[in-house]
Amino acid sequence: MLILYGASGHGKVILDIFKANGLKPDAIWDDAPKGLFCGYTVSPPQLDDKKDKSVVISIGDNNTRKMIAGRIETSCNFLTAVHPRAVLAESSSVGPGTVVMANAVINADSKIGKHVIINTGAVVEHDCLVADFVHISPNATLCGNVSVGEGTHIGAGAVVIPGISIGSWCKIGAGAVVIRDVPDGSTVVGNPGRIIKG
C-alpha cells in the first residue's frame, strides 16, 4: 500500500514523482484532512502493526517531517522517491523517506540521509554528507566534500563552497554563498555568507 502523508504543495510535487515513475498512491493522509487533494480523498493516518504501508512524508518543514516520521515509523516502511529526470551517481546513496526532485543531481560518493528533500535542480557534488531531515531547496549547490547536519535548511539558489561543514538545524538563506564553516543552530545570509544568528 503506497501512501503520501501530507496534502500540501510539496505533496503535489511528490505526486508528480509518483506519476513519472508509473505509481499511484493508494491513500493520501493528513493530520487535518480537508476534502479532495489533486482528485484524491484525504484521510487521517490509519496506523496499525501490519507494516504493510510504504509512506513518503510530503511535508517541507524539517521539524514537522521528523516528528511525523518518529510517530509512524513502527507502523510503516518509508519509500524513497526519485524523479526519473534526476541524476544519481552509482556510488551515491540515498536514505529511506528521501525525495529527489526533477533535474536534481547527486554526484559520486555522496551520502544522503533519511527523509531528506533534494529539491528541483539542486546539485549535491561528490563526497558530500547530508544528514537526516535536511532540505536542499531548488537550484542550491553543495560543492564537493560538504557536510550538512541534521534538520538544516539550505535556501533556494544558495551555494556552499567545497569542504565546508554546516551544523545541525541551521538556516542558510536563499542566494547565500557559504564560505566558512557554520555552527549548529546558525542562520546565514548574503554573499559572502555571514551569520546573523548563532
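Note that the coordinates shown come from a computational prediction; the quantities given were computed from them, not determined experimentally.

Asks: Can you tell me about the pattern of salt bridges, naming the residues and giving the values?
Replies: According to the stated counting rule, one finds 4 salt bridges in the structure shown. Between aspartate 48 and lysine 53 there is a salt bridge, and its shortest N-O distance comes to 2.8 Å. A salt bridge links aspartate 52 to lysine 53; the shortest N-O distance between them is 3.1 Å. For aspartate 52, a relative accessible area of 40% translates into the label partly exposed. The network of salt bridges with shared partners includes Asp48, Asp52 and Lys53.

Asks: An account of the sheet that holds strand E6 (residues 77–78) is needed here, citing residue identities and associated values.
Replies: If you trace the 6 strands from one edge of the open sheet to the other, you get E3-E4-E2-E1-E5-E6, paired in mixed fashion. Each edge of the open sheet is held by one strand with a lone partner, namely strand E3 (36–37) and E6. Across 2 bridges, the pairing between strand E5 (residues 54–57) and E6 is parallel. Its bridge partner being in E6, valine 55 is matched across the sheet by phenylalanine 78. Packing of helix H1 (residues 9–20) onto the sheet brings it into contact with strand E1 (2–5), strand E2 (27–29), E3, strand E4 (40–43) and E5, and relative to E1 it is tilted by some 160 degrees.

Asks: An account of the side chain of histidine 115 is needed here, citing residue identities and associated values.
Replies: Within the secondary structure layout, histidine 115 lies in the loop between strand E12 (111–112) and strand E13 (117–118). Judged by its relative accessible area of 4%, histidine 115 falls in the buried class.

Asks: Quick rundown of helix H2 (residues 62–72)? Include the residues and the values.
Replies: Residues spaced three or four apart along an α-helix point in a common direction, a consequence of the helix completing one turn every 3.6 residues. For H2, the complete set of buried residues consists of Asn62, Arg65, Ile68, Ala69 and Ile72. Buried residues of H2, seen end-on, are gathered within an arc of 130 degrees and therefore sit on one face of the element. If you follow the buried residues of H2, they end up packed against E1, E5, E6, E13, strand E16 (135–136) and strand E19 (153–154). One side-chain oxygen of the residue at the start of H2 lies 3.3 Å from the amide nitrogen of asparagine 63, identifying that residue as aspartate 61.

Asks: Can you break down the sheet that holds strand E17 (residues 141–142) residue by residue, with the values?
Replies: A sheet is described by the order of its strands in space; here 6 strands give the open sequence E8-E11-E14-E17-E20-E23, paired in parallel fashion. The open sheet has two edge strands with one neighbour each: strand E8 (87–88) and strand E23 (177–178). Pairing geometry for strand E14 (residues 123–124) and E17, over 2 bridges, is parallel. Bridge pairing in E17 links valine 123 to threonine 141.

Asks: Could you give an account of the nonpolar core, naming the residues involved and the relevant values?
Replies: Within the largest apolar cluster, 28 residues are counted, with the highest numbers of intra-cluster contacts made by Ile118, Leu142 and Ile166. When neighbours within four sequence positions are excluded, isoleucine 118 is seen to be in contact with Val99, Val100, Met101, Ala104, Ile106, Ile112, Val124 and Ile136. Among the nonpolar cores identified, the runner-up in size contains 15 residues, and Leu2, Ile17, Ile28 and Val99 belong to it.

Asks: Any chance you could break down the state of the cysteines for me, citing the residues and the numbers?
Replies: Applying the stated criterion across every chain yields a total of 0 disulfides. Free cysteine cysteine 170: the closest other cysteine sulfur is in cysteine 128, separated by 16 Å.

Asks: Give me the lowdown on the packing of aromatic side chains, citing residues and values where you can.
Replies: This structure, assessed with the given rule, holds 1 aromatic pair. Summarising the aromatic geometry, the rings of tyrosine 5 and tryptophan 29 are spaced 5.9 Å apart at their centres and angled 80 degrees between planes, so their arrangement reads as edge-to-face. Of this pair, tyrosine 5 sits in strand E1 while tryptophan 29 sits in strand E2, and the two are 24 residues apart along the sequence. As far as burial versus exposure is concerned, tyrosine 5 and tryptophan 29 are alike and both buried.

Asks: Give me the lowdown on the environment of valine 148, citing residues and values where you can.
Replies: Here valine 148 is to be found in strand E18 (residues 147–148). Taking the C-alpha atoms as reference, valine 148 lies 8.9 Å from cysteine 170; in sequence the two are 22 residues apart. If we skip the residues at most four places from it in the chain, valine 148 touches Leu129, Val130, Ala131, Val134, Leu142, Ile154 and Ile166.

What counts, and where the lines are drawn
- Here the residue index of a chain counts from 1 through its sequence in written order.
- Residues qualify for local features only when their pLDDT is at least 70, as the model is predicted, and side-chain atom pairs are given and counted only at 80 or more; totals for whole chains, interfaces and linings, by contrast, use all residues.
- Water and hydrogen atoms play no part in the side-chain values, which are based on all heavy atoms of the structure.
- Any Lys or Arg side-chain nitrogen located within 4 Å of an Asp or Glu carboxyl oxygen qualifies as a salt bridge.
- Exposure classes here rest on a 1.4 Å probe applied to the protein chains alone. A residue is buried below 20% of its type maximum, exposed above 50%, and partly exposed in between.
- When DSSP finds two or more bridges between two strands, those strands count as paired.
- Starting at the N terminus, helices and strands are each numbered in turn, a helix being any DSSP run of H or I of at least four residues and a strand any DSSP run of E of at least two.
- Note on definitions: a residue-residue contact is assigned when non-hydrogen atoms from the two residues lie within 4.5 Å.
- Each axis is a line fitted through C-alpha atoms, taken for helices only over the stretch in contact, and angles between the N-to-C directions span 0 to 180 degrees.
- This arc is taken over the directions from the axis of the helix to the C-beta atoms.
- We define a polar contact as two N or O atoms separated by no more than 3.5 Å, with the added condition that, inside protein, one atom must be a possible hydrogen donor and the other a possible acceptor, whereas residues neighbouring each other in sequence contribute only through side-chain atom pairs.
- Here the nonpolar core consists of buried residues drawn from Ala, Val, Leu, Ile, Met, Phe, Trp, Tyr and Cys, with membership extended through side-chain atoms lying within 4.5 Å.
- We call a pair of cysteine sulfur atoms a disulfide when they lie within 2.5 Å.
- Aromatic contacts are taken between Phe, Tyr and Trp rings whose centres are within 6.5 Å, Trp giving its six-membered ring; a plane angle under 30 degrees counts as stacked, one over 60 as edge-to-face, and the others as tilted.

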